[in-house]
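Spelled out from the first residue to the last, the chains are:
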Amino acid sequence: MLPPRQQPSAAGLQTSLSLVSSDLRLSPDAQEPRSNSDNIRESPTESASSQETWPTAAAMMAKKMENDKVDNGCPEQFIIRRVSGVDKISLRDIAGEQVDIISEKMLCLPDDFLDELKNGLRVMLEGSGGSQHREEFLILQKLVNTRPDLTEKTLIRAHRVQLEILVAINTGIQAFLHPSISLSQTSLIEVFVFKRCRNIACQNQLPADDCTCEICASKSGFCNLCMCVICNKFDFEVNTCRWVGCDLCSHWTHTDCAIRDGQICMGPSAKSGAGPTEMLFRCRACNRTSELLGWVKDVFQHCAPAWEREALMRELDFVSRIFRGSEDPRGRKLFWKCEELIEKMKGGLEESTACRVILMFFQGMY
């Protein structure tokens with residue numbers, strides 16, 4: 001099964017989103033996100049994180065003041081509405097207090113104050129504030145996740161910003177706070193109650209394709225169209241060996257997750273069920289196997305000519321890790337060829353040459 005193709009980005013969002021597993025909890029011991037420039041020889045443990053650009057508080061205030069100018073031939077006047085301490089609400093109030101009470105209070109608050117609330121939560125989700133922000137977010141998430149009153153019926157009465165904040169807390173995804181993302185009230189509620197995919201680039205109704213497998217039925221919020229069946233996370237990597245799809249049930253798995261979980265291993269030929277063993281992928285969703293050598297060949301033939309230098313080195317590293325434990329001759333040869341090309345590229349070999357060499361290698365194997 002070929003890797004997923006990129007779907008159109010939502011509402012002009014240009015960057016990737018922060019991710020959490022489908023149990024919707026953050027661990028204090030979770031690793032910080034990796035950048036693409038990290039050492040590609042390591043096996044990543046987390047999916048891509050957010051690199052979104054957000055307006056500063058000063059910029060938002062300047063915009064607000066500009067929109068409120070009184071153009072009557074007199075010197076410019078600025079209208080700034082101040083919020084008293086009695087009227088203010090906090091993120092903890094939104095996370096813990098009754099929906100309709102908070103909604104009524106938010107109706108009386110100015111937009112710039114609501115923007116500050118969203119921006120404060122975004123900073124927490126970025127993780128730049130260290131352990132203090134992480135601990136505060138865990139408190140907010142616990143408040144939300146232990147409330148039995150947050151249902152479709154009650155959330156209909158929520159203020160728009162209140163609902164965006166609740167969804168961002170529940171999922172751990174800051175994209176729901178982004179000013180260019182505008183999902184309907186119904187869609188936000190469906191994401192909150194696990195009836196719609198939390199991946200903004202996907203947004204399918206759940207269970208996707210009305211799948212009745214055990215994983216789709218038992219994992220709240222899981223989407224088989226865009227999430228890994230092992231770690232339950234999604235990312236925006238496409239045209240890559242980072243994801244391996246099942247030829248039979250079309251569920252997806254991160255290659256690294258499959259390697260760590262023992263789902264990529266030696267076994268009898270997937271086609272004949274007998275004869276020499278080869279490197280196989282066993283899908284956790286349907287427990288059936290797919291051969292990997294032909295899959296890797298197809299991915300490289302379709303995608304490698306468009307890869308840039310870093311991408312090609314990363315893909316060669318994926319293939320090297322997949323076939324490192326191979327015991328059949330063709331798998332071992334592919335492992336050593338990938339290792340050889342990675343070292344040569346580190347020494348200055350052009351990516352076009354490396355791409356041509358690996359494609360010729362695949363042709364010679366069949």
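Quick caveat, the model's predicted, so the values are computed rather than measured.

**With respect to empty space enclosed by the protein**
Point 1. Under the criterion given, the structure shown has two cavities of 30 Å³ or more.
Point 2. Taken as a whole, the second largest cavity holds about 40 Å³ of empty space.
Point 3. Residue composition of the lining of the second largest cavity, grouped by class: four nonpolar, no polar and three charged.

**Considerations on the pairing of strand 4 (residues 277-282)**
Point 1. Across five bridges, the pairing between strand 3 (residues 264-268) and strand 4 is antiparallel. Within strand 4, the position partnered with Pro 268 by the bridge is Thr 277.
Point 2. For strand 4 and strand 5 (residues 289-291), the ladder comprises three bridges, and the chain directions are antiparallel. Looking at the pairing, Leu 280 lines up with Glu 291 of strand 5.
Point 3. Adjacent in sequence and paired antiparallel, strand 4 and strand 5 are bridged by six residues, among which Asn 287 carries a positive phi angle near 65°.

**Some details on the side chain of Gln 203**
Point 1. Within the secondary structure, Gln 203 is located in the loop between helix 8 (185-192) and helix 9 (214-218).
Point 2. Reaching out from Gln 203, the side chain makes a polar contact with the backbone oxygen of Cys 197 at a distance of 3.0 Å.
Point 3. Dropping the residues within four chain positions of it, Gln 203 is found in contact with Leu 183, Ser 187, Val 191, Arg 196 and Cys 197.

**Re the side chain of Ser 320**
Point 1. Tracing the backbone shows Ser 320 in helix 12 (residues 309-322).
Point 2. Among the residues examined, Ser 320 registers a relative accessible area of 0% and is labelled buried.
Point 3. There is a polar contact of 2.5 Å between the side chain of Ser 320 and the side chain of Glu 339.

**Brief notes about helix 5 (residues 131-145)**
Point 1. Here helix 5 contains 15 residues, and its C-alpha end-to-end distance of 21 Å stays within 8% of the 21 Å for a straight helix at 1.5 Å per residue.
Point 2. Residues Arg 134, Phe 137, Leu 140, Gln 141 and Val 144 constitute the buried set of helix 5. For helix 5, the angular spread of buried residues about the axis comes to 125°, placing them on one side. Opposite the buried face of helix 5, by more than 90 degrees, sit the exposed residues Ser 131, Gln 132, Glu 135 and Lys 142.
Point 3. At its buried positions, helix 5 is contacted by helix 2 (91-96), helix 4 (111-126), helix 7 (160-171) and helix 8.

**Things to note about the pattern of salt bridges**
Point 1. Counting across every chain of the model gives 16 salt bridges.
Point 2. Here Glu 152 ties to Lys 195 by a salt bridge, and the two come within 2.7 Å at their closest N and O atoms. Placement of the pair is Glu 152 in helix 6 (residues 152-155) and Lys 195 in the loop between helix 8 and helix 9, with a sequence separation of 43 residues.
Point 3. Residue class for Lys 195 comes out partly exposed when judged on its relative accessible area of 38%.
Point 4. As a salt-bridge pair, Lys 346 and Glu 343 come within 3.8 Å of each other at their nearest N and O atoms. In this pair, Lys 346 and Glu 343 are both assigned in helix 13 (residues 329-346), three residues apart and thus about one turn of the helix distant.

Basis of the calculations
- Residues numbered from 1 in each chain as written.
- Predicted model: local features only at pLDDT ≥ 70, side-chain atom pairs only at ≥ 80, totals over all residues.
- Heavy atoms only, no water.
- 1 Å grid on protein atoms, 1.4 Å probe; cavity = no way out; pocket = protein on both sides within 12 Å on 5 of 7 lines; lining within 4 Å.
- Points joined across faces, edges and corners; volume = space filled by probe spheres on them.
- Nonpolar A, V, L, I, M, F, W, Y, C, P; charged D, E, K, R; others polar.
- Pairing = 2+ DSSP bridges.
- Helix = DSSP H or I, 4+ residues; strand = E, 2+ residues; numbered from the N terminus.
- Polar contact = N/O pair within 3.5 Å; in protein donor to acceptor, adjacent residues only side chain to side chain.
- Contact = heavy atoms within 4.5 Å.
- Buried < 20%, exposed > 50% of the residue type's maximum accessible area, 1.4 Å probe, protein only.
- Expected span 1.5 Å × (residues − 1).
- Arc of directions from axis to C-beta.
- Salt bridge = Lys/Arg side-chain N within 4 Å of Asp/Glu carboxyl O.

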